[in-house]
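Architecture at a glance
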Amino acid sequence: TLMTNPPDMAKPLLVLVDGSSYLYRAFHAMPGLANASGQPTGAIHGVISMLNKLLEDYPCEHFAVVFDPRGKTHRDEWYPQYKATRESMPADLASQVPALFRLIDALGWPRLVLPGAEADDVIGTLARAAVRQGARVVISTGDKDLAQLVDADITLVNTMDNTTLDPAGVHAKFGVTPAQIIDYLTLVGDTVDNVPGVPKVGPKTAAKWLAEYGNLAEIERHAGDIGGVVGENLRATLPQLALSQKLVTLLDDLPLPWTLATMVVSAPLRAELVELYRELGFKNWLRALAADEQAQAHAEAATPVALAREGYETVLDAARFEVWLAALENAPLFAFDTETTSLRYLQARVVGVSFCIEPGRAAYVPFGHDYLGAPVQLSEALVLGRLKPLLEDPNRAKVGHHAKYDRNVLLNHGIELAGVRFDTMLESYVLNSTANRHNLDSVAMQHLGVTTISFEDVAGKGVKQISFNQVPLETAGPYAAEDADVCLRLHHQLWSTMAAQPALQSVLQELEMPLVTVLSRIERRGVLVDAALLRVQGEELNGRLQEVAKEAYEAAGETFNIGSPKQIQHILFDKLGLPITEKTPTGQPSTAESALQELALDYPLPRLILEHRTLSKLKSTYIDRLPQDIDARTGRVHTSYHQAVAATGRLSSADPNLQNIPIRTREGRRIRQAFIAPPGRVLMAADYSQIELRIMAHLSGDERLMAAFEEGLDVHRATAAEVFGCTTQAVTDDQRRSAKAINFGLIYGMSAFGLARQLRIERHAAQSYVALYFARYPGVKRYMDEIRALAHAQSYVETVAGRRLYLPEINSRNVQRRQAAERTAINAPMQGTAADIIKRAMIEVDRWLVGDQVPAEIILQVHDELVLEVDRDAVPVVTTHLRRLMVEAASLKVALVVDVGVGQNWDEAH
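Residues numbered from 1 in each chain as written. Predicted model: local features only at pLDDT ≥ 70, side-chain atom pairs only at ≥ 80, totals over all residues. Heavy atoms only, no water.

1. Concerning the side chain of Arg-111
To be explicit about the condition: Strands are runs of DSSP state E lasting at least 2 residues, helices are runs of H or I lasting at least 4, and numbering of each runs from the N terminus. In this scheme, a residue with accessible area under 20% of its type's maximum is buried, one over 50% is exposed, and one in between is partly exposed, where area comes from a 1.4 Å probe on protein chains only. Throughout this description, a polar contact denotes any pair of N or O atoms lying within 3.5 Å of each other; where both atoms belong to protein, one of them has to be capable of donating a hydrogen while the other can accept it, and for residues adjacent in sequence the pair is counted only when both atoms sit in side chains.
Here Arg-111 lies in strand β3 (residues 111-112). With a relative accessible area of 16%, Arg-111 lands in the buried category. Among the polar contacts made by the side chain of Arg-111, one reaches the side chain of Asp-105 at a distance of 2.9 Å.

Right, dumping it as C-alpha cells:
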C-alpha cells in the first residue's frame, strides 16, 4: 500500500469499479472455466469474486460498477485511429458479458453504462461530483489513466498489483504527482489505446522532464534545449501532443443521470440468482445462497415480519380528531386511505378514513360502522366536513395506493380529492411492471418484507365475507391504520429506489400521476348506451348463432356440443383426422384459438367453430352484459381503467371491458352503434394513424420508411413497391396485403414461418419477402438486431419516454420463452411508446377542456383512440384543438397523424 495520509473516515465512502478493467483481468486469470454445457464462465466468476472481495475490504454506503458502452465514443470522433490497434473482444469473453450483467443486476449492485462515454470519464465525473458533496472515493481499476483523479479524497485501488494509491503513492509509483499524470501519459503515449506519445520517451524520461520543467507546456517551450534522439523526437512530435493530451485527459463534467444518492446497493433478486447460479454452474454460490435463505426462513419463522402497531389509534372523540387534523395540516406529506362499503366506486360509501404522518404513527377515524354493539363514532358530517378543505387543497401533499378509487368514492360525498403527489401502486408499476401484482399486500411484501393484515383477515372470505361497515373496530382500526402506514413506508422506499432512474421519475410524475384525475373524470362521466338497440342486436345474433351451429353440424356429419373442447377435439382429430397443429401441456391435440385459426385456413369446420366462439363471446360480454351495466342514477355505463396491469404501459378496461370490442367485424361495428350521443351532442373519435409503424420509423431511423411517411404515401403500398420492385401505381391488392402483413408482422417480431402461415405461401417465399424488406429497409433490420442484443444484455428495453419494460425470460434456457421475449423486445418499445403518447395526449386534452370550460368531455380511451362527447356547436373548435394536441403529444422524426370523425354513435364517428 502506497499511502502516507489516512483518509477522512468520517466522510461517506463511494466505491467506483472500472468494470471493463475487471472484465479483462478476470478473463485472462480464469480462461478454462465453463458450465456443464461448455459455455465459458471464467470472466463472470472472476469479476463477481473480485467485487465480493472489494466490498469486504471496503464496506461502503455508495457503490457502482461502471462499464464501457458498445460502439464509438467521443474520442473516436477526435481521433479515428483511437484504439485502432486494439483487437476486438474475444468471442469467449463477449459471450459472457450478458450473463455477467444479469448477475450484477440480480446481486443488487448498481451497474452504470453511458452510451458514447468511456467508463473512465463516467468514473471521473462521478468521483469529482461525490467529493464536492462531501464524500471520499475509492476507485478500483487496473488503468493508470485514472491516477490523474487522485487527491486527498480520491484513492486508487490498483487491481493489477494490489496497490492502494493516495497522492504520495502516485508519486512513489510513477515519479510524478497526480496533477502531472496527464502530461506524463501524453509524453509516454499508450500503445493499448493507440495514443501516440513521443518516440523513445518512456516512464523514466517523462518523469525526469516533468520533475525538471513542471508541466508539458514548459517542456514544449524548452524543446530546443533537450538534446539527443529524444530531443529530436520531441520536436518532431510537438504538433500532435495537444491531441494526445486531449485523448488521455479524463472528462469530469459529463451530464449524468446518477448521483451519490442513487448509487446504493439494493436487495438481491434471489429467484434470479438461483436461476443464474444454476445456469452458470456456480454450485458453491448456489449452496451459500440456499444456506442463507434457510437461515433467513428460520429467523422469519421465529419472529414473523409484521409492523409494530403501538403507534396506531382509532379516533372516536372530537378532541383527538382535532389533534390529528392539526398534525395533518403541519405534515409535509401524509398517507391517506378510505374504507368503504363496496369496490364499485359509484355505489361505494365511505365508512372511515385513515392517515399516517410518519412511519409507525397512524390513525383510523371511523364514522359508518353500524354493526350491533358498535361504539359511538364521530358523525360523517363532522369528519368529512372538517377533512374537506384539507383533502381538496392541492398544496397539501398526499400519497395513496390506487388513489383514483379514493378520489371516485370521495366524490360520492361531494369531496374532490386533490394534492395526491404520489401513488405507491403506480410507483411499483413504473419501477417494474412485470415484477408482481401491484396491490398493497404484494408490494409491501416485495419491497418492505412485511406481511400485512389482509382484507380477508378482518372481513372473512367468500359468501361469509362481510362489508367493512360490519367489521368490529377492534380489528378494523389496526387494519385501516396499517394500510396508511404501509403506504407511507412504501413511498419512501420506492421513491428512493426510483431516484436512481430519473427517466422513471419523469414517467411517474409527468404521465401516470396526472392521468389519475383524467381517468377518474372519464370513469365517472360514463358513456350513453342504447339498451333497446342491443336487445334487437341480441335477437339477430341468436339467429346467426343457430345458423353457424347448423353449418358446423353439417360439416361434422353429426350434432355435437359446439362449446365443448372435448367434443370438438373428438370430431376434428379422431373422426375427421385433421392435422394436429398444437398440443396441450398434457400432450392432447389443442382446440385453442391459435390452433383452430391455423386449421381454419384449409378446413371449414374449424372456421365455423371460431365464428361461433366469437359471436357467443360478443353476445355474452357486450350485448347481454352492457344493458345490465347501465347505472340506474346516471343512465350510463361506467368502466374502470387500470393503469397498473399491462406490462407495456397500455391502459386496460374492466367492469365492463370496453377496449376489446372488435372494429373489423360487422358484429363489432354494430355493437359500437349502441354507444350513442345524447340530444344536442355528437360523439367525436380521434385515432392515431399507424402510430406503431411511425414509432418504428423513429426508432430505426430508416430513411426509406421515414420518407414514405413524410411524403404522405400509403405506407403499405410504398413497402410493397420496395419489396416487389415496382412503382406504387403498379402494386396489386395482393402485394399490398402481403406488405401490410410484413409491416405489422415484423414490428410484432413475426418470423418468416409465421408470415408464410399468415399469407398462405411457402416458407422460402416468405423468407425472400423478409430478406427483400430488410434489404430495402436496412435501418429496421439494424434496429431489430440492436434491440434484441440490448435486451439480452440488460434484460429490459425502454420507450422513447424512458419507461422500462422488463423481459424476465429474455435469457431463459427455454427456447420458446426466450424467442417470445425477443419478439416482445422488438415490439414493446413501440407499443409502450404509443401508450405513453396517448396518455400524454389525454392529459393535455383534458387540461384544455377543463381549463377553457369547453362543452366537451373525453368518455372513452381505446388503445390509440380517444372518444369525446361534444356539443354540436363546438365541433369545429374541438376538432381543430383535439387534432393539434394529439399530434403535439410527441416529437418524433416523423409526424404523427390523427384521423378525426364525428357521428351520432361510435361506429359513425370512427
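From this point, the discussion proceeds with the structure in view.
2. A closer look at the confidence of the model for the chain
Note the threshold: The score called pLDDT rates the predictor's confidence residue by residue, from a low of 0 to a high of 100. In this analysis, two residues are considered to be in contact whenever any of their non-hydrogen atoms come within 4.5 Å of each other.
Scored by pLDDT, the chain has a mean of 88; 95% of the residues are at 70 or more. When mean pLDDT is compared element by element in the chain, strand β11 (residues 398-400) scores highest at 98, while helix α13 (residues 283-302) scores lowest at 65. In the model, residues 299-304 has pLDDT below 50 throughout and makes one contact with residues more than four positions away in sequence or in other chains.

3. So, helix α5 (residues 97-106)
Counting buried residues along α5, eight of its 10 residues qualify, which places the element largely inside the surrounding structure. Along α5, the residues that are buried comprise Val-97, Ala-99, Leu-100, Phe-101, Arg-102, Leu-103, Ile-104 and Ala-106. Those residues of α5 hidden inside the fold are in contact with α1 (19-29), α2 (42-57), α4 (91-94), β3, α12 (270-280) and α33 (778-794). One or two positions beyond α5, positive phi appears at Gly-108, with a value near 85 degrees.

4. Re the pairing of strand β9 (residues 350-358)
Selection criterion: A pair of strands is considered paired only if DSSP assigns at least 2 bridges between the two.
A large share of β9 lies buried, amounting to eight of its nine residues. Bridging between strand β8 (residues 334-340) and β9 involves six bridges; their strand directions are antiparallel. Residue pairing in the sheet places Ala-335 in a bridge with Cys-356 of β9. For β9 and strand β10 (residues 361-366), the ladder comprises six bridges, and the chain directions are antiparallel. Within β10, the position partnered with Gly-352 by the bridge is Pro-366. Here β9 folds back onto β10, and the loop between the two strands holds two residues, one of which, Gly-360, carries a positive phi near 90 degrees.

5. Some remarks on the nonpolar core
Applicable threshold: Nonpolar cores were defined as sets of buried Ala, Val, Leu, Ile, Met, Phe, Trp, Tyr and Cys residues, with membership established by side-chain atoms within 4.5 Å.
Phe-675 and Tyr-688 are the most contacted members of the largest nonpolar core, which totals 116 residues. Among all residues touching Phe-675, those that are not within four sequence positions of it are Val-527, Leu-528, Val-529, Leu-626, Leu-658, Ile-661, Leu-683, Leu-860, Gln-904, Asn-905 and Trp-906. Membership of the second largest hydrophobic core comes to 53 residues, among which are Tyr-184, Leu-185, Ile-226 and Leu-234.

6. A short note on the pairing of strand β2 (residues 62-66)
Counting buried positions over the five residues of β2 gives five, a clear majority of the element. Side-chain alternation along β2 places His-62, Ala-64 and Val-66 on one buried face and Phe-63 and Val-65 on a second face that is also buried. Two elements, strand β1 (residues 13-18) and β2, share five bridges in a ladder whose sense is parallel. Note on β2: the bridge partner recorded for Leu-16 is Ala-64.

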